[in-house]
Amino acid sequence: MIAPLASKQSSWRKTGSPWQTCYWTALAVVFTWAIWQRFALPLTPIADPDTWGYLSPALRKLTGAEFGHSHGRNFLYPGFLYFVLRCFGDFRAIGVVQHLLGLAAGGLFLLTWRHLRVFVPASLVNPSLHNAFGLAGTAIYLLASDTIRIETQLRPEGVCAFLISISLYFAIQFVSCSFLEHRRTGTVVCGSATVLTLLLLASAKPSFWFAAIVIMVPVTTFFLRSNWGRQKIALGLGIALIASLVLWPERILSRKDEASQTFLPTMLFVIHADLIRDQMAADLQEHASLPYSTDWLERVYVALNSEIAKSETNYPGHYPSLQFDPEYLWFDPSSITTQLRREFGSNISALCDFYRFYYWRTWQRRPFRALQKVARQFSIYYYPDCPAYAAMKIWPLMDVYERAVTSLDSEEYRKIARSLPALTDFMQRTKSLAENAPATKQQPILRAALADLAVSYMSLLLLALILSAIIFWKQARWRRLRWLAALVFFGSAYNAASCLEVAIVNSLEVHRYITVQMYATLLTQFLAFWLILEFALDITKHRDTIAGDLVAPL
């Protein structure tokens, strides 16, 4: 298991034939199996109640109207849908493209893992074993049911894995070029690509904005280093241009979408409704000086308290960690957000100001309870088992397509379908699959692997972080592993930042916020295992060296 450190030739003997033949054969089998699993499924993408917000801009453009925002959704994924439908005129092409992007994400996992070895040039782990780890991780990612399932969704999560994979790939390449290999042109190119891909990811799926900040840490560190003035200027100009190209169109298009103004403030209000209710009660009891009248605030408090109670009665157990249903408060036609909308009339900015006021007031006056809410959300992801790995046995597609039929059963879809045959075909195929779609099974060996990963995630991560702290504390002794330890910190921070953002603004009980993190979670867990293995091999080698020195004089 301990690799020779002397020469490239000895490394090649370790990784040459017949190992190379076995490795590439296994890789071909994994990708063939992954392709078969994806394309044996119905290619018709799966709609849900949120689909209209993503699909309607493309449908409007395809029927001669203007492309624009709907329901506060970013333009990137709707633009992707429009491009695919414009090119192919068939909704099944969306499923094909998203599956291909999922396969590309698996390929990037393998490429990223192989490149990571440059950060530990004196690795004690045999190159063959290292490559086998990468192949195992790639197989788990590509063959997991949740990975395939999310690629069938008609929502941005279907492309997020690819965006995550390519942003992490370029981020690691940037660190390598900038801090290890000192390749100036490569630094500028990879740095620009890193910023582009992370902005695309965060714009397509806003729950990754905190993760984007983590990725920007090495880019920011590059600007703080000495010298390389031309490269800093080039990268700075590239970042400014990329940010303009990605963010400016969103700013222009969102001006015509009222929901873009109300979406986030409303979400913050309903997710923290119980805390806000209690803060309102305290304000009324204390006769606090507020920008809202006491009589009006008392009416709002009574209504909010009543609607929270109704959500608990009508949808018990829907959000166990919150103990009420924020979706009911938001989307039920008679609930609190509808009542407040009537109160404020056409003054949307005043409504949003009220939502923000009480959200921030709750954090200021009840920080401990707000932090408790965040901690409960974190526990969903980290303890006891990591839910990013779903060891499901059966995925009943008929049930999924039945819900899709309900989501598509609205006058908005029917109106556009009259002038767009592709949409009519999509709706008919969805109805047909609701009656005869097959159920898919996840193989026992894969379920076992996912279950083991879920159980061991927290313990492996904690142990690796403890070892990383030791490595940075005793740098003279563990200098060889400092970059690997930094990568473990980086991966852990990336996942934690993603969870933190969701924990603050929403709930990790919404499963799509968790499944979309599987790629980064798997890569981080494999990094943690690699660090633990390197640490153990280093200690073993050190002990053998000491024992040999003691025996030699005899």
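Residues numbered from 1 in each chain as written. Predicted model: local features only at pLDDT ≥ 70, side-chain atom pairs only at ≥ 80, totals over all residues. Heavy atoms only, no water.

(A) Highlighting the overall build of the protein. A count of helical and extended segments in the protein gives 26 helices and two strands. The C-alpha atoms of the protein give 26 Å as radius of gyration, which agrees with the globular expectation for 554 residues (24 Å, within 12%). In terms of overall dimensions, the protein has a C-alpha envelope of 90 × 60 × 50 Å along the principal axes. Within the protein, the proportion of its 554 residues that are buried is 53%. In the protein, of all internal contacts separated by at least 6 residues, the share reaching a separation of at least 24 is 78%. Between the mean site of the 51 positive side-chain charges and the mean site of the 39 negative ones, the protein shows a separation of 11 Å. (Helix = DSSP H or I, 4+ residues; strand = E, 2+ residues; numbered from the N terminus. Rg over C-alpha atoms; globule rule 2.2 N^0.38 Å. Buried < 20%, exposed > 50% of the residue type's maximum accessible area, 1.4 Å probe, protein only. Contact = heavy atoms within 4.5 Å. Lys, Arg positive; Asp, Glu negative; His and termini not counted. Charge placed at Lys NZ, Arg CZ, Asp CG, Glu CD.)

(B) Spatial organisation of the environment of Ser306. On the secondary structure map, Ser306 appears in helix H14 (residues 294-314). Residues Ser306 and Ala503, spaced 197 residues apart in sequence, show a C-alpha to C-alpha distance of 25 Å.

(C) Representation of helix H2 (residues 19-39). For H2, built from 21 residues, the straight-helix expectation of 30 Å at 1.5 Å per residue is met to within 8% by its first-to-last C-alpha distance of 30 Å. Of all the positions in H2, only Gln20, Tyr23, Leu27, Val30, Ala34, Gln37 and Arg38 are classed as buried. Axial view of H2: buried residues confined to an arc of 135°, hence all on one face. Exposed residues lying more than 90 degrees from the buried face of H2 are Thr32 and Trp36. (Expected span 1.5 Å × (residues − 1). Arc of directions from axis to C-beta.)

(D) Region of interest: the packing of aromatic side chains. Scanning the entire structure with this criterion turns up 39 aromatic pairs. Ring plane angle 85° and centroid distance 5.9 Å describe the contact between Tyr54 and Tyr77, whose orientation is recorded as edge-to-face. Here Tyr77 lies in helix H4 (residues 76-88) and Tyr54 lies in helix H3 (residues 51-62), a separation of 23 residues in the sequence. Relative to Trp360, the ring of Tyr359 lies with its centre 5.1 Å away and its plane at 70°, an arrangement referred to as edge-to-face. (Phe/Tyr/Trp six-rings, centres within 6.5 Å; stacked < 30°, edge-to-face > 60°.)

(E) Local environment of the nonpolar core. One finds Phe269, Leu340, Phe354, Leu423 and Tyr494 to be the most contacted residues of the largest nonpolar core, which totals 166 residues. Among the elements that line this core, the one with the most residues is helix H26 (residues 518-551), at 14 residues. Once residues lying within four places of it in the same chain are set aside, the contact partners of Phe354 are Phe269, Met280, Tyr292, Trp296, Leu297, Val300, Leu340 and Phe344. Counting residues in each nonpolar core, the second largest holds five residues, with Leu268, Tyr359, Ala503 and Ile504 among its members. (Core = buried A, V, L, I, M, F, W, Y, C linked by side-chain atoms within 4.5 Å.)

(F) Highlighting the state of the cysteines. By the definition in use, this model includes zero disulfides. Its sulfur unpaired, Cys190 is 4.3 Å from the next cysteine sulfur, which belongs to Cys177. Among the residues examined, Cys190 registers a relative accessible area of 10% and is labelled buried. (Disulfide = S-S within 2.5 Å.)

(G) A look at unusual backbone geometry. A cis amide bond links Tyr383 to the next residue, Pro384, at an omega of -5°. One can find Pro384 in the loop between helix H18 (367-382) and strand E1 (394-396). With a phi close to 55°, Trp228 is a non-glycine residue in the positive phi region. Notably, Gln323 is not glycine yet its phi reads approximately 65°, a positive angle.

(H) Just the pattern of salt bridges, in detail. Under the defined criterion, the tally for this structure stands at 24 salt bridges. As a salt-bridge pair, Lys310 and Glu307 come within 3.3 Å of each other at their nearest N and O atoms. Here the residue Lys310 and the residue Glu307 both occupy positions in helix H14, the gap between them amounting to three residues, near one helical turn. Owing to a relative accessible area of 37%, Lys310 belongs among the partly exposed residues under this scheme. Between Arg480 and Asp538 there is a salt bridge; the shortest N-O distance is 3.1 Å. Within this pair, whereas Arg480 is found in the loop between helix H23 (475-478) and helix H24 (482-505), its partner Asp538 is found in helix H26, the two being separated by 58 residues in sequence. Take Arg480: its relative accessible area is 22%, and that puts it in the partly exposed class. Each of the salt bridges in this network shares a partner with another, and the network as a whole consists of Asp48, Asp50, Arg73, Arg155, Glu157, Lys205 and Arg512. (Salt bridge = Lys/Arg side-chain N within 4 Å of Asp/Glu carboxyl O.)

(I) Layout of the packing of helix H17 (residues 348-365) against H18. Close contact between H17 and H18 brings their axes to 5 Å; oriented N to C, the two are set at 105°. In terms of orientation, H17 and H18 fall into the roughly perpendicular class. Residues Thr362, Trp363, Gln364 and Arg365 of H17 form the contact with H18, whose own contacting residues are Pro367, Ala370, Leu371 and Val374. Within the contact of H17 with H18, the residues separate by chemical class into five nonpolar, two polar and one charged. (Axes fitted to C-alpha atoms, helices over the stretch in contact; angles between N-to-C directions. Parallel < 35°, antiparallel > 145°, perpendicular 65-115°, else oblique. Nonpolar A, V, L, I, M, F, W, Y, C, P; charged D, E, K, R; others polar.)

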